[in-house]
Protein chains: 2
Amino acid sequence: MKNRIITVSRQFGSGGRTIGKEVAERLGLKCYDAEIIEKVAEQSGMSKEYIAECGEYTSYRTWLTGMFASGRGINGISNQDYIWVAQNKVILDIAREGPCVIVGRCADYILRDEADLLKVFIHADMAKRAERIVKLYGENSETPEKRLRDKDKRRAAYYKFYTELEWGDAIHYDVALDSGKLGISKCVDVIVDLYNTKPVEGEDWLK
Amino acid sequence: MKNRIITVSRQFGSGGRTIGKEVAERLGLKCYDAEIIEKVAEQSGMSKEYIAECGEYTSYRTWLTGMFASGRGINGISNQDYIWVAQNKVILDIAREGPCVIVGRCADYILRDEADLLKVFIHADMAKRAERIVKLYGENSETPEKRLRDKDKRRAAYYKFYTELEWGDAIHYDVALDSGKLGISKCVDVIVDLYNTKPVEGEDWLK
């Protein structure tokens, strides 16, 4: 039987990681986020910072190196592709171990045939996310809005490149929630409730 | 104070209308769906069938008439634009009357500054929706999949034309649910719960 797994895709600054962790705590499950980066780092010998960046975002460097067909990494494939393959393997191994929560890293796509998924997408409006990232990560030379737009664009490009799907299109997720509007705690409640509910078949669907 | 209103956008065959009705019943609210068409019909003198079609779908005829700048209706504007304006007025009037549920017709966009909205999007996969439309509306000369693809495409085009937004993009909705996966009743439960919950501010968002 396939393991029941929650995947949390999220906009940067939407609190998706916090939501994933709280959901896991409430359900007594393991939550994988930074752990995936650590495992990929162990296997590849690359730095965690580099993997965090290249394992979820199309970087400007990748765009450039792709354009000039240079920047090839191990075995002649690009570092980004190498990390994608390593990350796939790590996520598949995790999914076979047991029920859990996995945050980000295209796990919804990677596990589409491998697990009994509850696919979650968390988003919030720009103002709410800007407030959150300044509180959590501090200010830097760029405005929070510019940082968010940049992250959104590169994450969507990464998702599209490897999955050929539109990141954030509601139809790819079982549930998508506006955390800025509904609140972090309410999002956790809804996801926990949906994880615990067995869908009713037949009659319910055709009424 | 703005009225608290639930807008239900939905893919054809996803059970969104049924969900909207059940939510309204549970909350003791009025549900507006066909009633909007009736009101627009009264005001415009056009048939209900024509309004149902032109008030939510870009029709092939509209595309053609648009291309050749013919097919002008009342006062020199196209029938589709005329219905859009009439529909806007009807929806704004409804929203001022009191809390309610409104199904479809871009109400999420029309009321964006006029009401305290809970914006819902309901979708389901092709197989589930095909099963549902054949049960509810019967077979016809086209396959259910072709009917669904056609409806999806035209509804998205209509939404985009008048709102300049991507229909079904998760970020436009407070909650998006896969009714085929979660079940009709569960979707109703989630929406009723979210309507009744007052979001927690401050601490909850920045934790």
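These figures come from a predicted structure and were not determined experimentally.

### Details of the overall build of chain A
Counting secondary structure elements, chain A contains 11 helices and 5 strands. Counting the 207 residues in chain A, one finds 54% classified as buried. Of the roughly 9600 Å² that chain A leaves accessible, carbon and sulfur atoms contribute 52%.

### Section: the pairing of strand S4 (residues 116-123) of chain B
Residues and elements named next belong to chain B. In terms of residue burial, S4 counts as a mostly covered element, since 6 of its 8 residues are buried. By the bridge criterion, 4 bridges tie S4 to strand S5 (residues 175-178) in an arrangement that is parallel. Bridged to His 123 within S5 is Asp 178.

### Some words on the sheet that holds S5 of chain B
The strand order S2(A)-S3(A)-S1(A)-S4(A)-S5(A)-S5(B)-S4(B)-S1(B)-S3(B)-S2(B) describes an open sheet built from 10 strands, whose pairing is mixed. Looking at strand neighbours, the two that pair on one side only are strand S2 (30-32) of chain A together with strand S2 (30-32) of chain B, the edges of this open sheet. Each neighbouring strand pair of the sheet contributes to a mean axis angle of 20 degrees, computed without reference to strand direction. Alignment of strand S1 (residues 4-10) of chain A against strand S4 (residues 116-123) of chain A, held across 7 bridges, turns out to be parallel. Within S4 of chain A, the residue paired with Thr 7 of chain A across the bridge is Lys 119 of chain A.

### Overview of the interface of chain A and chain B
Across the contact, 44 residues belong to chain A and 44 residues belong to chain B. In this assembly, chain A packs against chain B so that about 3600 Å² is buried in total across both faces, 55% of it on carbon and sulfur atoms. A per-residue breakdown of the area chain A buries against chain B is headed by Trp 205, Leu 206 and Lys 207 of chain A, which together make up 22% of the total. Along the contact surface separating chain A from chain B lie 4 salt bridges.

### A look at the packing of helix H2 (residues 34-44) of chain A against helix H5 (residues 79-97) of chain A
Residues and elements named next belong to chain A. Where H2 contacts H5, the axes come no closer than 9 Å and their chain directions differ by 120 degrees. For the element pair H2 / H5, the angle class is oblique. Classified by chirality, the crossing of H5 by H2 is right-handed. Across from Ile 36, Lys 39, Val 40, Gln 43 and Ser 44 in H2, the residues of H5 making contact are Tyr 82, Ile 83, Ala 86, Gln 87, Val 90, Ile 91 and Ile 94. Looking at side-chain class alone, the contact of H2 with H5 contains 8 nonpolar, 3 polar and 1 charged residues.

### Some thoughts on the nonpolar core
Side chains of a nonpolar character, in soluble globular proteins, are inclined to be buried together. The biggest cluster of nonpolar side chains holds 66 residues, and the ones touching the most others in it are Ile 102 and Leu 111 of chain A together with Ile 102 and Leu 111 of chain B. Element by element, the count of residues in this core is highest for helix H5 (residues 79-97) of chain B, at 8 residues. Beyond its immediate chain neighbours, meaning those up to four positions away, Ile 102 of chain B contacts Ile 5, Ile 6, Thr 7, Val 8, Tyr 32, Ile 36, Ile 91, Ile 94, Ala 107 and Leu 111 of chain B. Leu 27, Cys 31 and Ile 184 of chain A together with Ala 24 of chain B belong to the second-largest nonpolar core, a separate cluster that totals 54 residues.

### Concerning the relation of the copies chain A and chain B
It takes a turn of 180 degrees to lay chain A on chain B, together with a shift of 0.0 Å along the axis; the resulting RMSD is 0.0 Å. Here the copies are linked by what is in effect a two-fold axis.

### What about the packing of aromatic side chains?
Residue and element names in this part refer to chain B. For the structure on display, the rule yields 14 aromatic pairs over all chains. On the numbers, 4.3 Å between centres and 15 degrees between planes, the contact of Trp 84 with Tyr 162 is stacked. A residue pair is termed long-range when its members are at least 10 positions apart, and Trp 84 in helix H5 and Tyr 162 in helix H8 (residues 144-163) qualify at 78 residues. Using a relative accessible area of 12% as the deciding quantity, one classes Trp 84 as buried.

### Thoughts on the packing of H5 of chain B against H8 of chain B
Residue and element names in this part refer to chain B. For the pair H5 and H8, the least separation of the axes is 12 Å and the interaxial angle reads 70 degrees. In this view, H5 runs roughly perpendicular relative to H8, as classed from their interaxial angle. Across from Gln 80, Asp 81, Trp 84 and Gln 87 in H5, the residues of H8 making contact are Tyr 158, Phe 161 and Tyr 162. Residues belonging to the contact of H5 with H8 are distributed by class as follows: 4 nonpolar, 2 polar and 1 charged.

### Things to note about unusual backbone geometry
The phi dihedral of Cys 106 of chain A is positive, around 55 degrees, even though this residue is not glycine. Checked against the element boundaries, Cys 106 of chain A lands in the loop between strand S3 (100-103) and helix H6 (107-110). Look at Glu 164 of chain B: it is not a glycine, yet its phi comes out positive at around 60 degrees. Mapped onto the fold, Glu 164 of chain B is located in the loop between H8 and S5.

### Digging into the confidence of the model for chain A
All names here are of chain A. Within chain A, residue pLDDT values average 87, and 89% of them lie at 70 or more. Confidence, read as mean pLDDT per element, is least for helix H4 (residues 60-67) in chain A (51) and greatest for strand S5 (residues 175-178) (98). ipTM for the predicted complex: 0.90, alongside a pTM of 0.91.

### Examining the pairing of S3 of chain A
Residues and elements named next belong to chain A. Here S3 shows two buried faces, one formed by Cys 100 and Ile 102 and the other by Val 101 and Val 103. In terms of strand pairing, S1 meets S3 through 4 bridges, oriented parallel. Directly across from Val 8, in S3, lies its bridge partner Val 103. Direction of pairing for S2 relative to S3: parallel, over a ladder of 3 bridges. Residue Cys 31 lies in a different strand from S3, and its bridge partner there is Val 101.

### A look at the pattern of salt bridges
For the coordinates displayed, the defined rule picks out 24 salt bridges over all chains. When the shortest N-O distance is used, the salt bridge between Asp 93 of chain A and Lys 89 of chain A registers 3.0 Å. One end of the pair is Asp 93 of chain A and the other is Lys 89 of chain A, both in helix H5 and 4 residues apart, which spans about a single turn. For Lys 89 of chain A, a relative accessible area of 46% gives the class partly exposed. Where Arg 4 of chain B meets Asp 116 of chain B, a salt bridge forms, and the shortest distance between an N and an O atom there is 3.4 Å. Of this pair, Arg 4 of chain B sits in strand S1 (residues 4-10) while Asp 116 of chain B sits in strand S4; the two residues are 112 residues apart in sequence, bridging distant segments of the chain. Salt bridges sharing partners connect three or more residues here, namely Lys 89, Asp 93, Arg 96 and Glu 114 of chain A.

Conventions we followed
- Residues numbered from 1 in each chain as written.
- Chains lettered and ligands numbered in written order.
- Predicted model: local features only at pLDDT ≥ 70, side-chain atom pairs only at ≥ 80, totals over all residues.
- Heavy atoms only, no water.
- Helix = DSSP H or I, 4+ residues; strand = E, 2+ residues; numbered from the N terminus.
- Buried < 20%, exposed > 50% of the residue type's maximum accessible area, 1.4 Å probe, protein only.
- Areas by Shrake-Rupley, 256 points an atom, 1.4 Å probe, with all protein chains shown as cover.
- Pairing = 2+ DSSP bridges.
- Axes fitted to C-alpha atoms, helices over the stretch in contact; angles between N-to-C directions.
- Contact = heavy atoms within 4.5 Å.
- Buried area = accessible area lost by both parts, 1.4 Å probe.
- Salt bridge = Lys/Arg side-chain N within 4 Å of Asp/Glu carboxyl O.
- Parallel < 35°, antiparallel > 145°, perpendicular 65-115°, else oblique.
- Left-handed = near helix turned anticlockwise from the far one by under 90°.
- Nonpolar A, V, L, I, M, F, W, Y, C, P; charged D, E, K, R; others polar.
- Core = buried A, V, L, I, M, F, W, Y, C linked by side-chain atoms within 4.5 Å.
- Least-squares fit on C-alpha atoms with pLDDT ≥ 70 in both.
- Phe/Tyr/Trp six-rings, centres within 6.5 Å; stacked < 30°, edge-to-face > 60°.
- pLDDT = per-residue confidence, 0-100.

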